[in-house]
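These are the residues of each chain, in order.
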Amino acid sequence: MGLLDGALGDALGSAMGGKGSAGNLQGMLGGLLGQLGGGQGTSNALLTTAMSLLQQQGGLEGIVKKFSAGGMGSMVESWVGTGANAPVSAAQITQVFGESTVTDIAKQLGTDPQQASGSLASVLPELINRLTPDGQIPSNSADVLTQGIALLRTRLGA
């Protein structure tokens with residue numbers, strides 16, 4: 001990817017207490033950006049928005065609680081665990097986060113709520129999976145989210 005991707009990987013590696021190499025962490029976000037396709041700015045914006053959503057909802061722990069409260073605990077646990085990620089639908093994203101949150105995200109992304117919830121459904125399972133490489137939520141996951149968001153915003157020039 002580039003210099004900023006390397007910096008992002010280094011910062012995330014440091015935030016995760018050195019677990020995994022910076023290259024693996026760089027690959028984490030670089031791989032997600034590659035999976036998202038579309039324009040680089042669009043992919044960066046979606047990933048930044050998804051990470052911000054995680055942070056606003058109480059971090060990884062908060063997301064697990066939200067999905068569990070909505071009857072989707074086994075789904076979100078599959079994302080945290082080391083096995084295959086269970087899929088989530090756009091409707092389930094809206095159910096968990098609410099229409100108002102999805103509408104706000106759509107505005108941030110410059111799209112409609114259905115497309116925003118679909119985009120989140122495509123990125124959220126893999127993002128959570130990559131933020132929990134050992135099959136459990138790291139104790140400093142809030143630091144990882146904060147640093148990742150800051151560096152992705154730098155990439156966007158925001």
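Residues numbered from 1 in each chain as written. Predicted model: local features only at pLDDT ≥ 70, side-chain atom pairs only at ≥ 80, totals over all residues. Heavy atoms only, no water.

Some details on the overall build of the chain
And step 1. Summing up its helical and strand segments, the chain has nine helices and zero strands in all.
And step 2. In the chain, the order of α-helices and β-strands from amino to carboxyl end is α-α-α-α-α-α-α-α-α.
And step 3. Each of the 158 residues in the chain was classed as buried or not, and the buried ones make up 46%.
And step 4. Across the chain, every contact between residues at least 6 apart in sequence was considered, and the portion connecting residues at least 24 apart equals 67%. (Helix = DSSP H or I, 4+ residues; strand = E, 2+ residues; numbered from the N terminus. Buried < 20%, exposed > 50% of the residue type's maximum accessible area, 1.4 Å probe, protein only. Contact = heavy atoms within 4.5 Å.)

Some remarks on the nonpolar core
And step 1. Leu54, Phe67, Trp79, Ile93, Phe97, Leu124 and Ile128 are the most contacted members of the largest nonpolar core, which totals 33 residues.
And step 2. Elements with a contribution of two residues or more to this core: α3 (40-56), α4 (59-69), α5 (73-80), α6 (90-97), α7 (99-109), α8 (113-131) and α9 (141-156).
And step 3. Considering each element in turn, this core owes the most residues, eight residues, to α8.
And step 4. Each residue touching Leu124, except ones within four places of it in the same chain, is listed here: Leu54, Phe67, Trp79, Ile93 and Phe97. (Core = buried A, V, L, I, M, F, W, Y, C linked by side-chain atoms within 4.5 Å.)

Observations concerning α7
And step 1. Among all positions of α7, only Thr101, Val102, Ile105 and Ala106 are buried. The buried residues of α7 occupy an angular sector of 140 degrees when projected down its axis, which confines them to one face. Counted as exposed and oriented over 90 degrees from the buried face of α7: Glu99, Ser100 and Lys107.
And step 2. One or two residues past the end of α7 sits Gly110, with phi positive at roughly 70 degrees. (Arc of directions from axis to C-beta.)

Brief notes about the packing of α4 against α6
If you want to describe how two helices pack, look at the angle between their axes and the distance between the axes.
And step 1. Across the interface, α4 lies against α6 with an axial gap of 9 Å and an inter-helix angle of 105 degrees. By the angle between their directions, the pair α4 and α6 is classed as roughly perpendicular. Facing Ile63, Lys66 and Phe67 of α4, the residues of α6 in contact are Ile93, Val96 and Phe97.
And step 2. Across the contact of α4 with α6, the residue classes break down as five nonpolar, no polar and one charged. (Axes fitted to C-alpha atoms, helices over the stretch in contact; angles between N-to-C directions. Parallel < 35°, antiparallel > 145°, perpendicular 65-115°, else oblique. Nonpolar A, V, L, I, M, F, W, Y, C, P; charged D, E, K, R; others polar.)

A word on α8
And step 1. Between the first and last C-alpha of α8 there are 25 Å, a value that for 19 residues agrees with the 27 Å anticipated at 1.5 Å per step.
And step 2. Its axis deflected by about 30 degrees at Val123, α8 carries its strongest bend there, up to four residues before the proline Pro125.
And step 3. All of the buried residues in α8 are Ala116, Ser117, Leu120, Ala121, Val123, Leu124, Pro125, Glu126, Leu127, Ile128, Asn129 and Leu131.
And step 4. The N-cap of α8, judged by a side-chain oxygen 3.0 Å from the amide nitrogen of Gln114 a few residues on, is Asp112. (Expected span 1.5 Å × (residues − 1). Bend = angle between axes of the 7 residues up to and from the residue. Polar contact = N/O pair within 3.5 Å; in protein donor to acceptor, adjacent residues only side chain to side chain.)

So, the side chain of Asn129
And step 1. Counting through the fold element by element, Asn129 comes out in helix α8.
And step 2. Residues contacting Asn129, with those up to four places away along its chain left out, are Trp79, Gly81 and Asn85.

Focus: the environment of Val102
And step 1. Along the chain, Val102 falls in helix α7.
And step 2. Using a relative accessible area of 1% as the deciding quantity, one classes Val102 as buried.
And step 3. Linking Val102 and Gln115, residues 13 residues apart in sequence, is a C-alpha distance of 9.6 Å.
And step 4. In contact with Val102, not counting residues within four places along its chain, are Ile93, Thr94, Pro113, Ala116 and Ser117.

Remarks on the packing of α4 against α5
And step 1. Between α4 and α5, whose axes approach to 7 Å, the crossing angle comes to 150 degrees. What the angle tells us is that α4 and α5 run roughly antiparallel. The segment α4 lies against α5, with Ile63, Val64, Phe67 and Ser68 engaging Gly73, Met75, Val76, Glu77, Trp79 and Val80.
And step 2. Its residues assigned to classes, the contact of α4 with α5 shows seven nonpolar, two polar and one charged.

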